[in-house]
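Residue-level structure breakdown
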Amino acid sequence: MRHIAIVGSGPAGYYTAEAAAKKWGEEVRVDVFDQLPVPYGLIRTGVAPDHQSIKLVSRRYEKTALSDNVRFVGNVSVGSDVSIAELQSLYDAVILATGAPNDRQLNLDGHDLANVFGSAAFVGWYNGHPQFADLAPDLSGRHAVVIGMGNVALDVARMLSKSEQEFAGSDIVAHALDALAASNMETITIVGRRGPHQIMMTPKELGELMHLERASPQVDKSDLPPVDDDSILEPGLRKSVTLLRDFAAIPQNIHGEKPIAIEFDFFASPTAFHGEYGRVTSVEVERTRVEAGRAVATGETYSIPADLVVTCIGYRSSPIEGVPFDERAGRFANDDGRILPGLYCVGWARRGPSGTIGTNRPDGYAVIELVEADIGAGERKKGREGFDELVEKRGLDVVTFRDWQNIEQAEEAAAREGAPREKFVDVASMIAARGPL
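These notes cover the structure that comes with them. Here the structure is a predicted model, which is why all the values come from computation and not from measurement. Here, residues in each chain are numbered from 1, in the same order as that chain's written sequence. Local features in this predicted model are restricted to residues whose pLDDT is 70 or higher, and side-chain atom pairs enter the listing and the counts only when it is 80 or higher, whereas totals over whole chains, interfaces and linings include all residues. With hydrogens and water set aside, each side-chain value is computed from the structure's full complement of heavy atoms.

**A closer look at the overall build of the protein chain**
Elements are defined by DSSP. Helices are runs of H or I of four residues or more, strands are runs of E of two residues or more, and each kind is numbered from the N terminus. When helices and strands are counted, the protein chain shows 16 helices and 19 strands. Judged by the C-alpha coordinates and their principal axes, the protein chain covers about 70 × 50 × 40 Å. Between buried and exposed lies partly exposed: a residue is buried under 20% and exposed over 50% of the maximum accessible area for its type, with that area taken using a 1.4 Å probe on protein chains only. Taken across its 437 residues, the protein chain has 54% of its residues classed as buried. Taking as baseline every contact in the protein chain between residues at least 6 positions apart, the subset at least 24 positions apart corresponds to 74%. Computed by Shrake-Rupley with a 1.4 Å probe, the accessible areas treat only the displayed protein chains as cover when residues are assessed. If you sum the accessible surface of the protein chain, you get close to 19000 Å²; carbon and sulfur atoms cover 49% of it. Between the centroid of the 45 positive side chains of the protein chain and the centroid of its 63 negative side chains there is a distance of 5 Å. The contact definition used throughout considers only heavy atoms, calling two residues in contact when any of these lie within 4.5 Å. Only four residue types enter the charge count, namely Lys and Arg as positive and Asp and Glu as negative; His and the chain termini do not. To locate a charge, take atom NZ for lysine, CZ for arginine, CG for aspartate or CD for glutamate.

**Structural notes on the sheet that holds strand 12 (residues 279-291)**
One open sheet accounts for three strands, arranged 11-12-13; its pairing is antiparallel. Each edge of the sheet is formed by a strand with only one pairing partner; in this case those strands are strand 11 (268-276) and strand 13 (294-305). Adjacent strand axes in the sheet meet at a mean angle of 20 degrees when their direction is disregarded. A pair of strands is considered paired only if DSSP assigns at least 2 bridges between the two. Inter-axis angles, ranging from 0 to 180 degrees, are taken between N-to-C directions of lines fitted to C-alpha atoms, where helices are fitted over the stretch in contact.

**Re the packing of helix 1 (residues 11-24) against helix 13 (residues 360-375)**
Angle between the axes and distance between the axes are the two parameters that describe a pair of packed helices. Viewed as axis vectors pointing N to C, helix 1 and helix 13 meet at an angle of 50 degrees, and their least axial separation amounts to 8 Å. Accordingly, the angle class assigned to the pair helix 1 and helix 13 is oblique. Relative to helix 13, helix 1 is oriented so that their crossing is right-handed. Only Asn360, Arg361, Gly364, Tyr365, Val367, Ile368, Glu369, Val371 and Glu372 of helix 13 make contact with helix 1, whose side of the interface consists of Pro11, Ala12, Tyr15, Thr16, Glu18, Ala19, Ala20, Lys22, Lys23 and Trp24. The residue classification treats Ala, Val, Leu, Ile, Met, Phe, Trp, Tyr, Cys and Pro as nonpolar and Asp, Glu, Lys and Arg as charged. All others, Gly included, are polar. Here the residues of the contact of helix 1 with helix 13 sort into ten nonpolar, three polar and six charged. An angle below 35 degrees is treated as roughly parallel, one above 145 as roughly antiparallel, one from 65 to 115 as roughly perpendicular, and anything else as oblique. Each helix crossing is assigned a hand: it is left-handed if the near helix lies turned anticlockwise from the far helix by less than a right angle, otherwise right-handed if that turn is clockwise.

**A word on unusual backbone geometry**
Positive phi is not limited to glycine here, since Tyr40 has a value of about 90 degrees. Following the sequence through the fold, Tyr40 ends up in the loop between strand 2 (28-34) and helix 2 (42-45). In this structure Tyr40 comes out as buried when scored by relative accessible area, which is 5%. A positive phi angle, close to 60 degrees, is found at Arg380, a residue other than glycine. Turning to its location among the elements, Arg380 is positioned in the loop between helix 13 and helix 14 (384-394).

**A word on the environment of Asp326**
Residue position: Asp326 is located in strand 16 (residues 325-326). C-alpha separation for the pair Asp326 and Val425, spaced 99 residues apart in sequence, amounts to 32 Å. The term polar contact refers here to a pair of N or O atoms within 3.5 Å; inside protein, the definition further demands a hydrogen-donor-capable atom paired with an acceptor-capable atom, and it admits residues adjacent in sequence only when both atoms are side-chain atoms. Side-chain polar atoms of Asp326 contact the backbone nitrogen of Arg328, separated by 3.2 Å.

**Regarding the nonpolar core**
Here, nonpolar core means buried Ala, Val, Leu, Ile, Met, Phe, Trp, Tyr and Cys residues that are tied together by side-chain atoms lying within 4.5 Å of each other. Counting 48 residues, the largest nonpolar core has Leu160, Ile190 and Phe264 as its most contacted members. Among the nonpolar cores identified, the runner-up in size contains 40 residues, and Ile6, Tyr344, Val346 and Ile375 belong to it.

**What to know about the environment of Val70**
By secondary structure assignment, the location of Val70 is in strand 3 (residues 70-74). Judged by its relative accessible area of 5%, Val70 is buried. Spatially, the C-alpha atoms of Val70 and Ile4 are 9.4 Å apart, while their sequence positions differ by 66 residues. Those residues in contact with Val70 that lie beyond four places of it in its chain are Tyr14, Ala17, Ala21, Val30, Val32, Thr64, Ala65 and Arg384.

**Concerning the packing of aromatic side chains**
Given two aromatic rings, one states the distance between the centres and the angle between the planes to describe the pair. Pairing of aromatic side chains requires ring centres within 6.5 Å, counting the rings of Phe and Tyr and the six-membered ring of Trp. Pairs whose planes differ by under 30 degrees are stacked, by over 60 edge-to-face, and all others tilted. If you walk through the whole model with that rule in mind, you get 15 aromatic pairs. A ring pair is formed by Phe72 and Phe401, whose centres lie 6.4 Å apart and whose planes are at 85 degrees; its orientation type is edge-to-face. One end of the pair, Phe72, is in strand 3; the other, Phe401, is in helix 15 (residues 401-413), with 329 residues separating them in the sequence. For the pair formed by Phe72 and Phe401, the shared burial category is buried.

**What to know about the pairing of strand 1 (residues 2-7)**
Counting buried positions over the six residues of strand 1 gives six, a clear majority of the element. Side-chain alternation along strand 1 places Arg2, Ile4 and Ile6 on one buried face and His3, Ala5 and Val7 on a second face that is also buried. By the bridge criterion, six bridges tie strand 1 to strand 2 in an arrangement that is parallel. Its bridge partner lying in strand 2, Ile6 is registered against Val32. With the strands pointing away from the viewer, any crossover whose connection runs clockwise from the first strand over the helix to the second is right-handed. In terms of handedness, the path from strand 1 via helix 1 over to strand 2 forms a crossover that is right-handed. As paired strands, strand 1 and strand 4 (residues 93-96) are joined by four bridges and run parallel to one another.

**Overview of helix 14**
Turning to helix 14, its buried residues number three or more, namely Arg384, Gly386, Phe387, Leu390 and Val391. Projected onto a plane normal to the axis of helix 14, the buried residues spread over an arc of 155 degrees and lie on a single side. Exposed and oriented more than 90 degrees from the buried face of helix 14 are Glu385, Glu392 and Lys393. Of the surrounding elements, those touching the buried residues of helix 14 are strand 1, strand 2, strand 3 and helix 5 (84-90). Directly beyond the C-terminal end of helix 14, a positive phi value near 70 degrees is found at Gly395. Note that the arc is defined by the directions from the helix axis to the C-beta atoms.

Put into structure tokens, the structure is as follows:
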């Protein structure tokens, strides 16, 4: 019997559990750990609440989670409740699938001003992550600046510009919906260091900006390269740039009909945040030009009004004591998934925050091939039996997948009209909702 511990219950974790179950069948036992009482990682707390179709992938993970040889172990923090060394003593392989939950920092002057947030915190706020539910951003100002040229920046801009009615059918949490409904935002500026040909935005997410009730996307025609230059782009990026051209062609009178402007500011590198009375009021940027794909400073600076700033510039994994960590890359130090004997990583914890949710599937299957090569038929370790002994000894309050289903039913029952659920935003409420032990 092989015993596998997977730390993290997001896409990478459950694709890896699926791969292990398919590879070894009844000859494996997989325990999937999560520090929260609820599974699915970024599917629950990272994917935009108005992208419900993407969240449906969790049904695939549910099928894996309900199999007899895979177990969800929620409300257990690896590193404090149990160490990596202890897991390695109990399981033949320990696989870190912890994702990249921390913001990559933009350490500019003024980064600590009030109402400057990283996207992990801001997205976590409107998605109800317990760590960020109390963030309470001030949306009373008129100007927001979103820094970054990827889909997360688009998500943030879209959330800030939607009407309350446009959130129908989403699972945005109540505290965020109320705050956004009362927002006074008039201008949302999306700032990027490079130009239209270097964006990481996908056509679907860009296209959504064309259909907002209150907001109109705006691109300066002078920022766009010659149309013929688009021919060298890969198809997806070419479609995205075509949408930017469509934005630039929107007549001014159409912009005037909508109260919110989503302005794309290309070739702009933030250099400092300025504020008054401890609160951000503007972002200083330096004009750039692109040479060989890189942003080069020109020395020309200007200021963008900003009552709210959200930086969407990437993510980092959380270091765990005893596990080699690549500080520069913001992920675990590994050789194609191997960290140390018996210790592996997968997904964003392995490669950094890149790719789509589906990218984690081949990643999970690949790491199980490594594990098979390394552990053979297993070393007769205690596995979940040994962990259960440790739970008893330490008095840990483990949440099972059946418990999670009770929590999920309670969230669905509490949903406002038209919404799929109303998430619990603190751990105590989640634990209470699972029902009696």
